[in-house]
Every structure is written in structure tokens, then in C-alpha cells.
Amino acid sequence: MWNVTRFSLALSLALSAAFGQSLGVHADRLAVGAMSFAVWDSYRSLPLPRFANQKFCGVRIVGPNLRAYVYVPNVLEQNGDFSAFGAKFLDPLTEFPFPGGILPRSRVPTTMAMRISSLPPEEGEACLGQSNPAFLSLNYVTDNNQSQDQVFPAPVAVTLNHTVGSPSAPANLFVGGLSPIPFVVIPEEVSPESGFTSPPRPTASWLIIGAKEGLASQQVPLTVAPSSLTAGTYSTSFFVAPLARIQSPRFVSVALNLSVPPNYLQILRPPPEAFFTKGSTSPPPSKEITILTLGSATTFVAEIVYVAPPLSANVRWLDVNPKTGAGAQTLTASFVLSEINKLDRGQYLAFVKISALTGVRSLSSGNETRSSGVKISLLNDGPPNSPQFVPIILNVFPSSDFTVTTEEDPLTFTYAPGALGGVRRIGIDPVANPTLPPAALQQLNFSVSASTEDGGNWLSVSPLQLTDMTKSHTVEVRLNPQGLGGMLPDLYKAWVNINAGAATGAEIPVSLTMTQAGPPAAPRRRVFAQIVDGASWKTSIILINTDTVSPQQFKLTFRRGVRAVATNLELPPYGILSNSQIEDIIPRGGSLTLTTPGTASQLWEGWAELEAAAEVDGTAIFSLTEGPTQDSEGAVPLKALSGTRFLLPFDNSGTVGQRFDTGFAILNAGSAATAVSVTVRGEDGLPRTPQAESIQLGPLEHRAFSLPDRIPSTAGSRGVVEFISDSSDIAGLGLRFSPLRNFTSFETVASGTTDSRKLTHIADGAGWKTRIVLVNPSQGGPVNVQVRFNTGTQMTTVRSLPLVGYAYAPGSAFPVNIPASTSLTLETQGNPGDPLWTGWAEFTASGPLAGFAVFQGDRLGLRSEGAVPLLSGTSTRFFLPFDNVRGAETGLALVNPGTSVRMVFRTEAGTEVAFPDGSTSYSQALQGHAAFNLANPEYRIGGVRGVVEVTTDGQDLLGLGLRFNDPRRAFTSLPVVRR
């Protein structure tokens, strides 16, 4: 970051010389900072100024802690040419001027500039209402001395005391400064202590700020307009910020002590808006209006005053009860169903008028009035603020020949400059009994559009046209980056309109919470080392959001591998990925499943890189079609890059025709080429000869091989292959093919730990068999491991797990020895006639240890495999994606040292599943090991996809998912995400 303070004096002198005079308070300035590529694209696509020095309308956010009036960039400025600007354009890296004031193209957009001012457009001058782009970060503003050019409001905490009916005496806020710096008063956005990430909170309407702009030093009067507030204490706040200078906004809090005279009428008002769709069988919920005090009055009268439509239209869509009474009480304003169905689409307004009276004369004494059928006579007007008017706003929407399903109501976005916008989806389905015949619905053309309350173009929809409404459709709603730049933090409203010609349409509300950009959080970079589609392969990517409070954004980039034949990858619902990248949002606690079609004849092979916060995690499931009725599946978790070294345990053992075959994928995550050396060791730890040639990988390159074909010395044996890159980070993935025509995938090993390691689930007998691969990743020496197998709570008898080549007493540990940089395989006997053994395992090692287990199961007459790594450390909470749709079922194996586990099930949209007792969690007694099917009715997630969150009352909770795809006779295991 360029030290603005150190160079402020020299820069000021240089700028003064350039202009031939002092810059002055309102001189034009240059803001220099970094833009994202998306914002720079919007910067270059802005309409050109209609005349020289045209400005955007209103004060704009230029970047973090910088507000100004912004000039619409001309074509030279859009490309970094500021040669016409009088002051020097300094390189923030070298602190020397760019030659000729022109920014080199190689520096764009990590360096960019924008002309700004503290003066608005001239009165009557045409300005550009479109949003301006904003910087992600700022380096400097010319002639901005950050230690001097600041404003300071005083006091920063103001208390106002006001009595209703009395004149409002203003309190003066003094905005000071070391020089006459231009400032602006802005509504409260977010608390500075929160890092400018919280939703905005607008300044309360009861506070009147006497000046919204000015020059320090100046008094700003603050007065009260209490409107319909009742007696009590209120608080609000706002910010004061300099214009065209970098400074954090200064926070000012305002407290109001409001008193109401005892002879006043006080009313507690409900939110005014209500919503109704024509044809509905029930009216909107009633509104409750509470009379707190009547003052000196003894009675009240309530009546309806219709504004739109007026009373003359004779549509009495609102009623209030009671219509008269005495003392403080609650009135109910209810909607009349038969009357509101007479209204056309639109917005309607009425008031509940409440009058407080000090007495009532007899009805025969004259001076009569009529109020909703009740005859009264007024003695006098009662309290001085009587009557009071309570607004009721009714929004009427048309009925429809189709149903509209949304993820939430309204569709909600939260956005900070430079962030990912995400997508929301609207489902449109035909109704059972439409008003139009099927032939008319087939020929019906729909148009879809987005409109915003502020007139901006920050919302977009696709597709824009729909046809044949006898079918279901999906509309995607996205934020438009080109329309978001420069929008002030606030709450914005919009609508998605679906217009259907002869059919009735629909209108879906949208809300956008715009926040101010804080320091951009660096997303974690993780990879799926293998993605395949076509030629009998397909891949499902399951991403989950472990944040149960906030939605999380992500960017997923697909990179094509060397072996790929197909040019582009298709990924519904995003279609063919011409730019190989998707950005989206995962709901809080929810999930997103992306599955390639798997129908292409040509193979697409490569890898994917995820950029997201640590709260986003995931798993890739690879599926290979083995025949007309069978698939094989393998699951591997999202993983961090392995550094420059990883180990690949391999198993190419067996006789000819009955041999296992290990495949592998490897990728270079760096932007430069790298050479990867290859060393093969058998399970005895000795190198195998001949050694393989190194693998040459270009920048971001991905390759996949059959291990025996690429490295012949691995054929017919077990062991470990060590891969070491000479420069770049690399990552890999193992693929295990069995002689029974099935496969699974497994993780490579980058390092190990001396902590006790555990396997959550082991199964043997009754069609099951388990192989445990233990890896010593150390290059120093052998590792001694104590192995202990523990039976599960579902076992009826305690007996030892039958192993090939090992005998031991039930529950006791036995030792094994693993040479450096190689592996050891423990294999259960898997006798089909043996009763089922289920349980878990513990491994205590003298040095680093890693590894995984491979489960082999006889599923509906065909064998499938699944692999899961050893776990280390402790956790009392984990997340697991589940999939119980289209015949698939998800099982869960648990090891719990406590007495019970608690499970919360959430759908893909993050909605918590409710149970008959009204709770949203399911508690299950468990101490030890057990496995069960989450598709069972008691869990209430049959036919649903989503995420289960599991917590325990003990320590070191272990979990493992078991995925059964019965329609394709496939099985695999799923790793959990521990938190």
C-alpha cells in the first residue's frame, strides 16, 4: 500500500505546479485503486459521456471509505489514458508517474483510475443515472492528505428530548475539520466495528438532518418529527464522510426521549402492507391496532376512509371492529374476501380513522354523523391530536394459469462491491385446472422481465421468453454487475414480472441488501482433482454450506485435461460452459448438487478449482456405467492443494485376469510448467526398478494414466508411488479398478500425523469385505502402529474381526510395522457365509500415519466399492450431504463417545425439516458404533436431498456416509465435513 501521508506534501506541490495554482477545495482529483475483472468489464462498457465532463447523478461510492461525484469516463480514460489530467498519475508500486499519464495495459485492472470531484453536476445539467463501477481497494487520491483532510462531527452522541405538540428545538451538530473539507451526511449503513459487512439500517424517519452536504467547519441542525410515535425512547444514527477524500465515515448516534401529554390519543400501528392473489379462498391476515391511551376522552369511534378506490366505487374491502368503545383496547382491521375479489390488480389505500370523544349526546339532539353504520353525536373533539389515521395498503395480484415456486419470498440478495452475485430460481408449473384449454396453453408465449423500484438495471432474468405452458419451466434471477457499481448501501426492491398474454401473469418480489465493501476476504483455493463426463462417465459435484446463519458464495472453474476429446463441459442447469466457470450462492445450511449429463460419446476430462470461504465444502462422485443395469461409483472430498509432494498407494495385485488396476490423475496448479519426479516403492519399502520417467506438466495442466501402463514396475504388486514437483503445487487422485468390473476413487496422501487415527466403519461377512491401507508418509524411517478393532453396538456377540494373516483376541491391540514412504494393507477375510461384523478401528502410531479403507459390498448381486480416509483430531460436530431421490438412499455410520447424538436435517434450500412434536432436531441414543439408513420414515427425509448436521454430547464424534444407488446397483462411501 502506498504511503499517502509520507508523500502528501511533495504530491500537493507537484499538483499545484501542474495546475499553475493551488488545487483548492473543489478541484478535480484522481482516485487510483484495484478493480475486479467483472467491474473493469462494466467500466469499459459504460455509455460514453454526451458532453465533456459529464458526471454521474448524485454522490457515489468510489471505493472503500471514498465518496465523491464521479465523472463519466471517456474512451481514453476507460483504457487507462489520463494524459489530459493535470496532476501526475503515480504508479502505486514505484511512486513514480506513469509515463505520459498512461497506464500500461499489463497493469489493468489491478491498477485503474477514475476522475472524481466534490461538486455535483451544474443545476439543470444532464447527468448519467447508471451505476458507476467501484474499486475493490484504493491506493490513493491525488492531493488527499489522510492525516489532514478529515472531518470530525461533534458530539458523536446526541440526545434529543421532545414532547408531542411542543415546538421542536434543534440540537446542533458541529462538523469540524483542519481545513474547509467538503462533507456529506449519509444514512446509517453499517457499524464500522463490524468491518462494513452487516446489512444496512436506514436512519429513522423521525430525525430531520438540516444539511446533507457542506464544508467543514459548519453547524448541522438536528430536529424531531415524531409523526405517529408513542411515548418512549428511540435511537438511530447516521454517518458523516468527506467528499473526494479517503476517510472512514464518522458515526453519529442519536437518542430521542419522547413524551406524550396525558390528554393525547396514542395508537400502536401495525405494518401497513397486505398482499392478496385473486381467487384465493382466504383473505390476508387481519391487522391489529392498539389504542394505548385516549387522553381525557371517554369513548372512541373507528371508521374506514377509502382513498383508492374511493368510497364512491362502493367496494368496501376493509372492516374494523369494534367500531366504538371506551378505554384502551385493540381494534381489528380485517379484509372482506368477497369485496377484495372485485378489485383488479394494483395497490389500494384506506385509513382507519380513530376519533376520541369526551362525551356523547342523545341521537335525537341533532348534530349527527354516520360512521360505518353507527350513529353518534359529538359533544366536542376530544384530545388535541384526535383523530388519528392508520394507513392500510392492499396489494392485489392476479390469479394465474400456472403456479410459481420460489426459493424464498421475497427472493433475497445480499451484495458488497466486488463480491459474487449468485443466482435465484423461479419454478413455473401448470396448474391442475387452468382457465385456458391445453391447446391455448401450448401456443402461449410468455415474456419475463425485471423491474426495479429505483429504476436501476441491477437485476436480470433469463430466459426472457417462455413457450408451451403445459410444461414446467425455470427462470434464473441474477444480479447484474454492470448495474451494481456505485450503488449506496441500502435496501432496494425489485420485481420479476411474468406476462402471459391471454393468461394471467405473476409478479415475484425481490429485495437486495447492498453493503459497503470491506477488505475482500481471501477465498480458500481447493480442488477436485478429477472431473469426467461422456464415454460412459459422469460426475456429480455436491457443495454444502456449513454456515447455518449466512448464505455463501462460490466460484467454480473447470480446466480441461490433456486426454479430453470434447471441447466444452456441459453442466445443467448452467448449460454448456463456454467460459468454463460458474458463480452461485449456497443457502445457509443448504447444498447444491451439480451433475454432468454423462450422455456424450466423447470424453471430457479435467479438474475443477473452487474459490469460496472455508464454510463451503464438498464431494465429487464419479459414476461409470458398467452395463445396462449397473454403475460403479466413487466419492472423493474437495481438498486443499498437496504442496509439491504426495504419495499414491497402489494395488495392482492378483493373478492374470483377476488383477486389480490402479489409475491416477495429477494436476499442476501453478502458472508455470513443472517436472514431477516419480519414485516407486513396494510394501517392503524398497525401490522398484526400472524407475519411471518424470512427468512433465504445463501450467494448470491435468493428466490421467493407468498406473501399470505409465509405470510398468507397479504391475502385479502393492506399494506407494511418490510424486515430487520441482516448483509448483500439485494435487492427485487415485482410481481403483477391481477384477469384478467395478471401481472406486481414493485420496492421495500428502502428510501424516502422530495423533491417534480412526476408521469410522468396518464391515465383513454377509457379502462385505474391507481392505485397510495404512501409509507411512515419512521419508525418515519405519513407523510402528498399534491396531485395535472395536465391535459395534449392533453386534449381538463380541468376536474379533477376521483378518487375512493376523490372529488376535477380541478387543486387544496388535502391532504392525510400515517402512518409510510406503504402505501396508490389512484385509478382512470377507467370507460370504460368515455373520456380519461391523465396528470401527483405532490406530496409534510411533510416527506420521495416513491411509484409507476400501469397503467392498455385494449389492443386489453385484459388488461395489467405496473408500474413506482415516480421521485424526477431535470434533463434536459434522455435516453430511444426503441424497434420497430417484431410488438412491443415504446411510450413516457413527461412533459416539457420549450417550446420544442430535441431528438437524436441512433441505437443499437450507430449510430445517420439522418433526411431529414441532421440533427441528432428532435426538438418538448412541454410545459406541452404529449404522442406520437416513431414508427410514422416522427421519422424514425420504425423497429429499440436503445436509444433515450431527452433534454429540461427548467428544470426538466420528461419521461416515454410505450412498446406495439401488436402481443402478451401485454403492460408495461419503466423507463427512467435520467442524
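The structure this text deals with has already been given above.
Residues numbered from 1 in each chain as written. Predicted model: local features only at pLDDT ≥ 70, side-chain atom pairs only at ≥ 80, totals over all residues. Heavy atoms only, no water.

**Student:** What am I meant to see in the sheet that holds strand E35 (residues 524–533) here?
**Tutor:** Sheets are built from strands that pair by backbone hydrogen bonding, the pairs being arranged parallel or antiparallel. In spatial order, the strands read E38-E37-E40-E35-E43; together these five strands make up an open sheet with antiparallel pairing. Looking at strand neighbours, the two that pair on one side only are strand E38 (581–586) and strand E43 (639–640), the edges of this open sheet. When E35 meets E43, the two strands line up antiparallel, connected through two bridges. Across the sheet, residue Val-527 finds its bridge partner in E43, namely Lys-639. (Pairing = 2+ DSSP bridges. Helix = DSSP H or I, 4+ residues; strand = E, 2+ residues; numbered from the N terminus.)

**Student:** Sorry if this is basic, but what is going on with the nonpolar core here?
**Tutor:** Note on soluble globular proteins: their nonpolar side chains tend to be buried together. One finds Phe-554, Leu-556 and Phe-558 to be the most contacted residues of the largest nonpolar core, which totals 40 residues. Those residues in contact with Phe-558 that sit more than four places away from it in its chain are Ile-531, Ile-541, Leu-569, Leu-571, Leu-577, Ser-580, Trp-604, Trp-607 and Ala-608. (Core = buried A, V, L, I, M, F, W, Y, C linked by side-chain atoms within 4.5 Å. Buried < 20%, exposed > 50% of the residue type's maximum accessible area, 1.4 Å probe, protein only. Contact = heavy atoms within 4.5 Å.)

**Student:** Please explain the pairing of strand E45 (residues 661–668) as it appears in this structure.
**Tutor:** Within a regular strand, the side chains alternate between the two sheet faces. Burial within E45 is extensive, with seven of its eight residues counted as buried. Here E45 runs beside strand E50 (residues 730–738); their pairing, made up of eight bridges, is antiparallel. Opposite Ile-666, over in E50, you have Gly-732 as the bridge partner.

**Student:** Mind showing me how you'd approach the pattern of salt bridges here?
**Tutor:** As a working rule, side chains carrying opposite charge can pair if their charged atoms are close by. Under the definition given, this model contains 32 salt bridges. Glu-722 is paired through a salt bridge with Arg-681; the nearest N and O atoms lie 3.2 Å apart. Remark: Arg-681 occurs in strand E46 (residues 674–682) and Glu-722 occurs in strand E49 (residues 718–725); sequence separation between them is 41 residues. Comparing Glu-722 with Arg-681, the two get one shared label, buried. Where Glu-949 meets Arg-877, a salt bridge forms, and the shortest distance between an N and an O atom there is 2.8 Å. Within this pair, whereas Glu-949 is found in strand E65 (residues 945–952), its partner Arg-877 is found in strand E60 (residues 877–883), the two being separated by 72 residues in sequence. Among the residues examined, Glu-949 registers a relative accessible area of 9% and is labelled buried. (Salt bridge = Lys/Arg side-chain N within 4 Å of Asp/Glu carboxyl O.)

**Student:** Honestly, the state of the cysteines in this entry has me stumped. Any pointers?
**Tutor:** Note: disulfide means a covalent bond formed between the sulfur atoms of two cysteine side chains. The full count for this structure, using the stated rule, is one disulfide. Each sulfur in the disulfide pair Cys-57 and Cys-127 lies 1.9 Å from the other. For the disulfide bridge between Cys-57 and Cys-127, the dihedral angle about the S-S bond is near 95 degrees, and by the sign convention the bridge is right-handed. Note that Cys-57 is positioned in the loop between helix H2 (37–44) and strand E2 (60–63) and Cys-127 in the loop between strand E4 (112–117) and strand E5 (137–141), a separation of 70 residues in sequence. The exposure class assigned to Cys-127 is partly exposed, which follows from its relative accessible area of 31%. (Disulfide = S-S within 2.5 Å.)

**Student:** Can you walk me through the side chain of Thr-838 in this structure?
**Tutor:** Along the polypeptide, Thr-838 turns up in strand E57 (residues 837–845). Here Thr-838 falls in the buried class, since its relative accessible area comes to 11%. Ignoring anything within four residues of it in the chain, the contact list for Thr-838 reads His-761, Ile-762, Ala-763, Thr-791, Gly-792, Met-795 and His-929.

**Student:** Can you walk me through the sheet that holds strand E51 (residues 742–747) in this structure?
**Tutor:** With antiparallel pairing, the four strands of this open sheet are ordered in space as E48-E45-E50-E51. Every other strand in the sheet has two partners, leaving strand E48 (702–706) and E51 as the edge strands with one partner each. Across the sheet, the mean angle from the axis of one strand to that of its neighbour is 20 degrees, orientation sign disregarded. Sheet topology places E45 next to E48; five bridges connect them, and they run antiparallel. Paired with Ala-665 across the strands is Ala-704, a residue of E48. (Axes fitted to C-alpha atoms, helices over the stretch in contact; angles between N-to-C directions.)

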